[in-house]
Amino acid sequence: MGLKKVRRPVIQKSDSSEGNNLPAVRKAKLLQRHTVNHDIEVSPYRIKGNDLMVWSEKKERYVYVSKAVKIKAIKRNVETKEIHIELVFWAYDKWETIAIGRGELTKRELKKLASIGLDVLEDFQAAEVSSFLSKQEKLLKPTNVHSGIGWDIVNGQLVYKHYNIITEPSASPIDSTYSGEYMLKPAGNKNDFFNLYIKEVKGHTPLELMICIAISALIIGMLNRSKIGGFDSLLVHLVGSSTTGKTTAGMLGVSLAGSPSPNEGLLQTYNGTKNAMARKLASNHGVLTVLDESTMNLMDSQNLSSFIYELAQNSEKSRLNKDSELRETQTWNTTIVSTGESSILSKANNNEGLRVRLFEFSIDKWTKNAENAENLKKGLLKNYGHIAPEIAKKMLELGPEEVARMVEDNKEYIQKKMPISKFRDRIATKFSLILTAAELFELTYNLELSGEEIVDMLIVQEQKSMTEREMAPKFYSQLKQYIIRYRRNFKSDTHEVSHPQEIWGKIEVSSTETRCFILPIIFDIVVKELGYSDTKILINELKNMGVLIHDKNKNQKRKFIFSKNETKQRQEVLGQPGYVEKGDYTYCITFEGNIFEDAF
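Worth saying up front: this structure is predicted, and the values here are computed from it rather than measured.

Chemist: How do you make sense of the side chain of Asp119 when you look at a structure like this?
Modeler: When you line up the elements, Asp119 lands in the loop between helix H3 (107-111) and helix H4 (123-137). In this structure Asp119 is buried but unpaired, with Lys67 as the nearest side chain of opposite charge at 6.6 Å. Dropping the residues within four chain positions of it, Asp119 is found in contact with Tyr64, Ser66, Lys67 and Gln125.

Chemist: What am I meant to see in the pattern of salt bridges here?
Modeler: A side chain with one charge can pair with a side chain of the opposite charge if their charged atoms come near. Scanning the model with the defined rule gives 26 salt bridges in all. Linking Glu79 and Lys161 is a salt bridge whose minimum nitrogen-to-oxygen distance equals 2.6 Å. Taken together, the positions of Glu79 in the loop between strand E5 (69-77) and strand E6 (83-91) and Lys161 in strand E10 (residues 157-161) put the pair 82 residues apart, joining distant regions of the chain. The class of Lys161 is buried, set by a relative accessible area of 3%. When the shortest N-O distance is used, the salt bridge between Asp584 and Arg570 registers 2.7 Å. Placement of Asp584 in strand E24 (residues 584-592) and of Arg570 in helix H19 (residues 567-574) is noted, with a sequence separation of 14 residues between them. One continuous salt-bridge network, built from bridges that share partners, spans Glu79, Asp152, Lys161 and Arg225.

Chemist: Which parts of the structure should I look at to understand the layout of surface pockets?
Modeler: Using a probe with the size of a water molecule, rolled over the atoms, empty space left in the structure can be pinpointed. In this structure, the largest pocket occupies an estimated 460 Å³ of space. Mapped onto the lining of the largest pocket, the elements with two or more residues apiece are strand E9 (149-154) and helix H8 (274-281). A class-by-class count of the residues in the lining of the largest pocket yields four nonpolar, nine polar and eight charged.

Chemist: Where do I start with the sheet that holds strand E8 (residues 143-146) in this structure?
Modeler: The pairing of strands in a sheet comes from backbone hydrogen bonds and takes either a parallel or an antiparallel form. Strands sit in the order E7-E6-E5-E8-E12 across an open sheet of five strands; the sheet is mixed. The sheet terminates laterally at strand E7 (94-101) and strand E12 (177-178), the two strands that pair on one side only. Summarising the sheet, E5 and E6 pair through seven bridges and their orientation is antiparallel. If you follow Ile71 over to E6, its bridge partner there is Leu87. Contacting E5 and E6, H4 crosses the sheet at an angle of about 50° to E5.

Chemist: How should the nonpolar core be read in this particular structure?
Modeler: It is characteristic of soluble globular proteins that their nonpolar side chains tend to be buried jointly. The biggest cluster of nonpolar side chains holds 79 residues, and the ones touching the most others in it are Trp151, Leu209, Ile219, Phe361, Met395 and Phe441. With 13 residues, helix H6 (residues 205-225) is the largest single contributor of residues to this core. With residues up to four places along the chain from it excluded, the contact list for Trp151 reads Leu158, Val159, Tyr160, Leu218, Gly221, Met222, Arg225, His285, Gly286, Ala392, Met395 and Leu396. If you look at the next biggest cluster of nonpolar residues, it comprises 38 residues, including Cys516, Phe517, Tyr532 and Phe596.

Chemist: Where do I start with the packing of H6 against helix H13 (residues 400-415) in this structure?
Modeler: Relative orientation and spacing of two packed helices are given, respectively, by the angle between their axes and the distance between those axes. Two elements in contact, H6 and H13, have axes separated by 10 Å at closest approach and are oriented at 125°. Taken together, the axes of H6 and H13 lie oblique to each other. Note on packing geometry: the crossing formed by H6 with H13 is left-handed. For the pair formed by H6 and H13, the contact residues are Ile219, Met222 and Leu223 on the first element and Pro400, Val403, Ala404 and Val407 on the second. Split by residue class, the contact of H6 with H13 holds seven nonpolar, no polar and no charged.

Reading the values: rules and limits
- Residues numbered from 1 in each chain as written.
- Predicted model: local features only at pLDDT ≥ 70, side-chain atom pairs only at ≥ 80, totals over all residues.
- Heavy atoms only, no water.
- Helix = DSSP H or I, 4+ residues; strand = E, 2+ residues; numbered from the N terminus.
- Buried < 20%, exposed > 50% of the residue type's maximum accessible area, 1.4 Å probe, protein only.
- Lys, Arg positive; Asp, Glu negative; His and termini not counted.
- Salt bridge = Lys/Arg side-chain N within 4 Å of Asp/Glu carboxyl O.
- Contact = heavy atoms within 4.5 Å.
- 1 Å grid on protein atoms, 1.4 Å probe; cavity = no way out; pocket = protein on both sides within 12 Å on 5 of 7 lines; lining within 4 Å.
- Points joined across faces, edges and corners; volume = space filled by probe spheres on them.
- Nonpolar A, V, L, I, M, F, W, Y, C, P; charged D, E, K, R; others polar.
- Pairing = 2+ DSSP bridges.
- Axes fitted to C-alpha atoms, helices over the stretch in contact; angles between N-to-C directions.
- Core = buried A, V, L, I, M, F, W, Y, C linked by side-chain atoms within 4.5 Å.
- Parallel < 35°, antiparallel > 145°, perpendicular 65-115°, else oblique.
- Left-handed = near helix turned anticlockwise from the far one by under 90°.

Laid out in C-alpha cells, this is it:
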C-alpha cells in the first residue's frame, strides 16, 4: 500500500518537482518512438495490434490465431520473372521483415520460419497463417523490381537498368525499381553536381579522364549485350601514394551512376576473396566499379594473374556447387578500376596477355591539391547518380550501331597517334572506348572536355607500358644478366664445370657473338625464377627476334653438353642415364659480342 501512495502522485503530477523527473523522461521517449499501424481486415481474418485473429462462427467472435504476420509487398523480378513476398511479422518484442519466395507461403515452408520468430509452432497456426496470407495476396498488386545493373534485354528491347529502367524514347516504359545492394537512387541535385564539376573538375585532365573511364562502362555493356561487339571488360589500375587523390578520382567515377560512399556503393574497399570480388561484379553490364586498396594488392603472383584474366574475360571460372553440380556462371561487361600504392603488373606473372588487358596509370596528382580533393568528396557524397542514366538515354537515342561506329572512328583516329607495336591495334580498341565516352559526354551535355590532353595522357601511358608489354626483349635482357651471373654452371672452351656443380649448358664465345646452349629443364627454371609463366611464348618471340638458333623445323638445337665421363652429372640434371651420341637438345640463345667482356 505504501508503494502505491508514493507512485500514484508521481505519475499524475504535472509540476516540475524532483519526483516528476522520471515520468517526464519516459514521456519524451514515447513521443520519439515511431510506430506503424499494421491493422488490417481480410475476411474472415483480422490483425489488431500485434495479434492475428480469425472470426469464429461458433463463438460469434474473433479468436486468437498467432502473433501478427502479413504481406508488406509483392515484388516481381523483371529479369527472372520470379515472385518474392515481403513479410512483416511480430517477433516477441518488435516487428521483423523478411523476403521469401512465393512458393514458401505453404504451411510446411512457413513452419521453417519459426526459427526467426514467426509464431507458427503449432500446425493449426501455420495452416491459418497460410490461409490468411493467400487471401491477402489476392488483394495486392505486384511491383516490378530488378537486381542486375547496366544494359539488358527486357521484354524484347534493349534497356539500361539503373535505379529505374531506361528505355528507348519510342518504346513502352518499363516500371521497375532497383532492389540490389548498390545505392543507385539519385541523391542531391544534378545542377549542384555540375556546379561541382565546373569548379573542381573541368580543365584538370586526370579527373576528366576518370569521367571518360567511368562512361566507357556503358559502351562496353551496350555493345556486348546488343551483340554488336565483343569487348573484354576494361581494367584500369591507379598507382600512387595516399596523397595523389586516386581514391577521390575513383569516387568521381562511380558518382556518375551511384553513391561514392565506400562499401555502401560502387566503391569497394573490402578485403574479400577473389571469388567474393567476382560475385560483386555479377550481372553488372555497364556501371563502373572501383576496388579501392582491395585484396588484389595482397594476392600472390599466380592468383593475381588468373584473377586479372577472369575480370577481363567477363565471367567467373566454372565451379561446382555443394551437390557437385556445375554452378551457373556469373557474367559481367563493364569497366573496373582498382587503386593501390604499388603496381599490380609488377606483382603479376610477366605474361604479355595481362599487359594488354590492364592499364596502369601512375600520376603524381589525380586531384589538383588537398582542398580540391576535400571539396570533391564533400560534394560527391551529396550529389550522385544523375549522369549515367542520362548518358544511357543519349546512347539509346543514337542506337548501338551508331555507338559502334563512333568507337570504330575513334579507334582509327588514335591508332594513327600511337607508337608502333604489335599490340597497337588491340590497345587502340580499348583507348577508343575512352574517347567515345568523352564524345558521348559532350553530346549529352554540350560541355567540352580537354580532348587533346586526354589523348596525350593515353599516348604517354602507352609509351611507358610498351617496354613492359614487349615481354621477349625484357626477358632477353634479364637472361643475359642471369647467364653472366651463373657462368660457372656453363661449360666452355676455357672452363669446365667441376662436380658437384650442376651443368646447365654450354657457352661458345667469339669476337662477334656469344652463343649460350641451355638445357630445356634449366631454361624452364630460369623462366619461372625471372617471373614469367609461358616458356613457349618466350621461345616463339625470341625466334621472331632472330636470337634463337635452332635445327630445321624445331625450336631446339642438339649440342654435346655432357661427355662420356659425365653421365652421372647428366642423370642428376636431366634425370636420364647414359650418354647420347648425337648430343642433348638445348635452347640456343645468341647475344651480340662477348657478353662477359661487356659486363666489365
